[in-house]
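What follows is the residue order along each chain.
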Amino acid sequence: MLLALAALPAVAQQAVVPDARLNRVEITGSAIKRLESETALPVQVISREDIDKAGVTTAAELLSKVAANVGGLTDGVSINVGGDQRGFNSANLRGLGSSSTLVLLNGRRMANFASPGDDAGVDLHNIPAAAIQRVEVLLDGASALYGTDAIGGVINFITRKDFQGFDLSAYAGKTQEGGAGKQTASLAGGFGNITRDGYNLFAVLDLQNTGRLSTSQRKFIPELKIPERLGHLLSSFTSPANIRLTRTQRDHLQDIGFTINGKPITNRLINFSIPNCAPPANLYLPDGTGGVDACTYDYMGDTELYPESKNISLLSRGVLQVAPDHQLYAELSLAKAKTRYVGSSARVTGDINYKMIPALANTGLDQLDEDYPGELELRMRLNEAGRRTSELTSTGQRFVLGMMGTLAGWDYDIGLNRSVNTVGDRDVHGYVLYDKLIQGIRSGIINPFGPSSAAGVALIDSIQVNDEVRHARGTMTTLDFKASRAIGQMDGGDVMLALGGELRNERTDFTPSALLMTDNINNDRAPEGGKATSDSRRVAAVYGELFVPFAKQWEMQLALRHDHYQTVGGASSPKLGLRYQPDKSLLFRGSASTGFRAPSLNDLYRPTVYSSTSTLPDPVYCAENDNDLSVCADNWNTRRYSNAKLKPERSQQFSLGTVFEPSRSLTMSLDYWNIKRTDLISEIGDDIILGNLAKYGNLVHRYSQNDGLCDYDAEDNGICYIELRKENRGAQKASGLDLNFDLHGVKTEWGVLGARLNGTLVLQSKLQNAPGDPYISNLGKFVTKGVVQRWRHHLTLDWEQGPVGLSLANNYSAGYDDQNSAINTDNGTVVAANRVKAYSTWDVSGWWAVNQQFKLRAGIQNIGNTSPPFSNQAYFFLSGYDPSYTDPRGRFFYLSAQYQFK
């Protein structure tokens, strides 16, 4: 099954790997090795068999099947131009944010994704997928063992520990409509038996290649009818170029009776190619951002939905029995992911003298009382430079050296962990030198309104940028220890005590290239500050855990952890867990704890980032321009600021649950969870700001304000930039129910049957922007950055008969109220209110064990070729659907083979 239960012995003992020497096991969420695996904390387990059945090959794909993982960063979300943290794949338990989900490898931390941005967390590309033996998901936050910053929960990827022989696997897949094909190969080898030889050494090498997917390869993109439905989200930067008149220029042209195609102009944006424009990307949409006198650009016809990527990873582990009670171990993990993101062709804001445009040459625009008389602003699309392409390379290196064993009755484990993540962000095509481009436009060599001459094309080719514009490196060095032993006995068994601690040093280095800092790359702005940054801090933690079985049916887990972060401060976080098992078939469990999440180094110190919003209307500017979207809807500039004065987030959470096992074949569990966070570290969303200017208008900086950062223009009340600043804002509340149903090993005359359901019903999810403000619910409603669906589940149905088997799986996400653009123009809406339909896909896989060494597997993902449902969300670069939980690949076929020999 995909999600097993850690509850009763009949089930839970399958979810752990026993320490043969001690005959005890260690469960994620506790530092105490125990003879039984069931605890007071809900732990879901994904086995290697479950991973193979699902047909997934990466850690990110695997976690998409976990119902509690909501709104994590994905390759689809990373498709953007100018956004930060491209290439980052993350986990997000409970929808509380990637920064509140702790991802571990074999129970220890990894360095966070190094590129500075809004989210902190481990890049799932750095998890060696082929080496995973199982995954344990602790759905109880603020772990007193791993760190109380794990408010949403802990995901522990556990690799093979004692492998012997060789294992060769190959995988190939393709989509029905083309694009996004995949090929993988892995080789595992190990030798040595700990018990017999006193050592074991093994390594796993994994290679993966995934092809790109363009919008032109998917029929569901035109079926979304984005130009008709979402014209306000499209772009006014077109080819042929739109001309953006000043108010004075427009009024003058109207006064002299100037017309286009025999009709007087009404708007400030004009284009002489209307109504034809240059389809299919450049369209005449009177209700779009181009307005009635200009063209609108549909970038969704000119971008990619899924990036091309190449991943390689190596995991090696060695164990040496240095004495009967002591083992020395070392672990090396190397991973490299190279991902190529392709967006639409470049936007260019340029200028040209009006006399170079024949239709305007005799209009006398140079006689107007303006700062630059006769100069016209161009909004053009630089198709001749090709689509903007960035190449992200994320590398992970991790080395662990440790010793474990028994000393004076204590089970101990001490280790030194050095983990590094490096991210290189390279502009490889479609980005050009701005000053040379503008010179070419002004001189007439580059034609904004049609094909350029050979000299113009040659100029564009000569100013293409191929430069690693950003380089980031994050390092984490940790010395940790833990030890546990029995300190007494009660009616229920041994009283166990665990003590532990860690010393950790975190460091981030960010180096922009010299070219980037010239601020001369079109569409790639330099970070404010003009220099490389390097920040570090020390973290120390100590913890204790007490396991008290005060009766045969009752046991209690008490834990206390104290964390201290340099410059931020510290906190002590207690945890209480209770478990009551009146008989073998029924168990009740509960826990309560507090949490503490320090701001990340990026939250505190990252350089100011220049970016832009999705195309959003500005209510003030719309009111001043007769609600003309060609003027008052734009990709407004933003400045994203860190904040060195941030305080830690605090949390309180508790859970109550029950597990029922009426027979060996059936296990059911239901757990209620409740989380509250205060001093929430966040920004106010740009849509929230523009939707409530009465309260947040001070964050919108206009040209007419003369604040020193913008060119002052008393007559232009347009937006210069929107200030997005990290602050400790308000609170967040979330609660829900986790349901698990596991029917397994049912023997019939037709074979062995099984059915498993893992689902999460969210009862509450809401945020508060500031203390005293009303809470805004994102439960079943898209707000700012995304939505928390009320119900998500993964269902599997299994059949097995001798050497063959079949598995049918369903992935379901409930429908919700769309973003529906909270921006008011004149009637409170921009688009018609939309209800996003539920998203449900079915997968099937079958396997055949040809013999003990050779196994074949084939499968189809998304059997029904279900397309992502329409959404009018304006947060992600991709429009028309939500890429955070949907899969644009459609029906996908795969075949895999595995050969083992010992």
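(A) Structural detail: the overall build of the protein chain. Secondary structure assignment for the protein chain yields 16 helices and 47 strands. Its C-alpha atoms give the protein chain a radius of gyration of 29 Å, within 12% of the compact-globule value 29 Å for 902 residues. Referenced to the eigenvectors of the C-alpha coordinate spread, the extents of the protein chain come out at roughly 100 × 55 × 45 Å. Per-residue burial over the protein chain gives 60% buried out of 902 residues. Nonlocal contacts in the protein chain, meaning residues at least 24 apart in sequence, comprise 72% of its contacts between residues at least 6 apart. On the protein chain, roughly 34,500 Å² of surface is accessible, and the fraction owed to carbon and sulfur atoms is 54%. Averaging the locations of the 89 positively and 96 negatively charged side chains of the protein chain gives two centres separated by 5 Å.

(B) View of the packing of aromatic side chains. Scanning the entire structure with this criterion turns up 20 aromatic pairs. Both rings, one in Tyr621 and one in Trp636, keep their centres 6.5 Å apart while their planes meet at 75 degrees; by these two values the pair is edge-to-face. Here Trp636 lies in the loop between strand 30 (633–634) and strand 31 (637–641) and Tyr621 lies in helix 13 (residues 619–624), a separation of 15 residues in the sequence. Of the two residues, Tyr621 and Trp636, both sit in the buried class. Three or more aromatic residues joined by ring pairs form one cluster here, namely Phe166, Phe854, Tyr899 and Phe901. The positively charged end of Arg229 is found above the aromatic ring belonging to Phe870, 3.9 Å away from the centroid. Here Arg889 stacks its cationic end above the ring of Phe892, 4.8 Å away from the centre of that ring.

(C) Inspection of the sheet that holds strand 36 (residues 719–725) at higher detail. The strand order across the open sheet built from four strands is 28-31-36-35, with neighbouring strands paired in mixed fashion. Each having just a single partner strand, strand 28 (609–612) and strand 35 (700–702) make up the two edges of the open sheet. Shown here is a sheet whose adjacent strand axes are inclined to one another by a mean of 30 degrees, direction ignored. Both strand 31 and strand 36 contribute to a ladder of four bridges, which runs parallel. Bridge assignment links Arg640 to a residue of strand 36, and that residue is Leu724.

(D) Geometry of the state of the cysteines. Within this structure, the stated rule accounts for three disulfides. Two residues share a disulfide in this structure: Cys277 and Cys295, whose sulfurs sit 2.1 Å from each other. Because the sign of the S-S torsion sets the handedness, a value of about -95 degrees for the bond joining Cys277 and Cys295 places this disulfide among the left-handed ones. Pair noted here: Cys277 is in the loop between strand 14 (269–270) and strand 15 (282–283) and Cys295 is in the loop between strand 15 and strand 16 (296–297), with a separation of 18 residues, a long-range link.

(E) Fine view of the pattern of salt bridges. Scanning all chains against the criterion turns up 46 salt bridges. Lys647 serves as the salt-bridge partner of Asp679, at 3.9 Å between the closest nitrogen and oxygen. With Asp679 in the loop between strand 33 (666–678) and strand 34 (681–682) and Lys647 in the loop between strand 31 and strand 32 (649–663), the pair connects residues that are 32 residues apart, well separated along the chain. Classification of Asp679 by relative accessible area gives partly exposed; the value is 27%. Of the charged contacts, one joins Lys695 and Asp773 as a salt bridge, the two residues approaching to 2.4 Å between their closest N and O atoms. Linking Lys695 in helix 16 (residues 693–696) with Asp773 in the loop between strand 39 (751–767) and strand 40 (776–777), this pair joins segments that are 78 residues apart in sequence. With a relative accessible area of 40%, Lys695 lands in the partly exposed category. Judged by its relative accessible area of 15%, Asp773 falls in the buried class.

(F) Expanded view of the pairing of strand 7 (residues 165–175). Taking every second residue as pointing to the same face, the buried face of strand 7 carries Gly165, Asp167, Ser169, Tyr171, Gly173 and Thr175, while none of Phe166, Leu168, Ala170, Ala172 and Lys174 on the other face is buried. In terms of strand pairing, strand 7 meets strand 8 (residues 182–191) through nine bridges, oriented antiparallel. Residue pairing across strands places Ala170 opposite Ala185, the latter belonging to strand 8. In this structure, the hairpin formed by strand 7 and strand 8 is closed by a connection of six residues, where Gly178 is found at a positive phi of approximately 95 degrees. As paired elements, strand 7 and strand 47 (residues 892–901) share 10 bridges and run antiparallel to each other. Residue Thr175 lies in a different strand from strand 47, and its bridge partner there is Phe892.

What counts and what doesn't
- Residues numbered from 1 in each chain as written.
- Predicted model: local features only at pLDDT ≥ 70, side-chain atom pairs only at ≥ 80, totals over all residues.
- Heavy atoms only, no water.
- Helix = DSSP H or I, 4+ residues; strand = E, 2+ residues; numbered from the N terminus.
- Rg over C-alpha atoms; globule rule 2.2 N^0.38 Å.
- Buried < 20%, exposed > 50% of the residue type's maximum accessible area, 1.4 Å probe, protein only.
- Contact = heavy atoms within 4.5 Å.
- Areas by Shrake-Rupley, 256 points an atom, 1.4 Å probe, with all protein chains shown as cover.
- Lys, Arg positive; Asp, Glu negative; His and termini not counted.
- Charge placed at Lys NZ, Arg CZ, Asp CG, Glu CD.
- Phe/Tyr/Trp six-rings, centres within 6.5 Å; stacked < 30°, edge-to-face > 60°.
- Lys NZ or Arg CZ within 6 Å of the ring centre and 35° of its normal.
- Pairing = 2+ DSSP bridges.
- Axes fitted to C-alpha atoms, helices over the stretch in contact; angles between N-to-C directions.
- Disulfide = S-S within 2.5 Å.
- Salt bridge = Lys/Arg side-chain N within 4 Å of Asp/Glu carboxyl O.

Without other data, these values stay purely geometric and don't point to any function.
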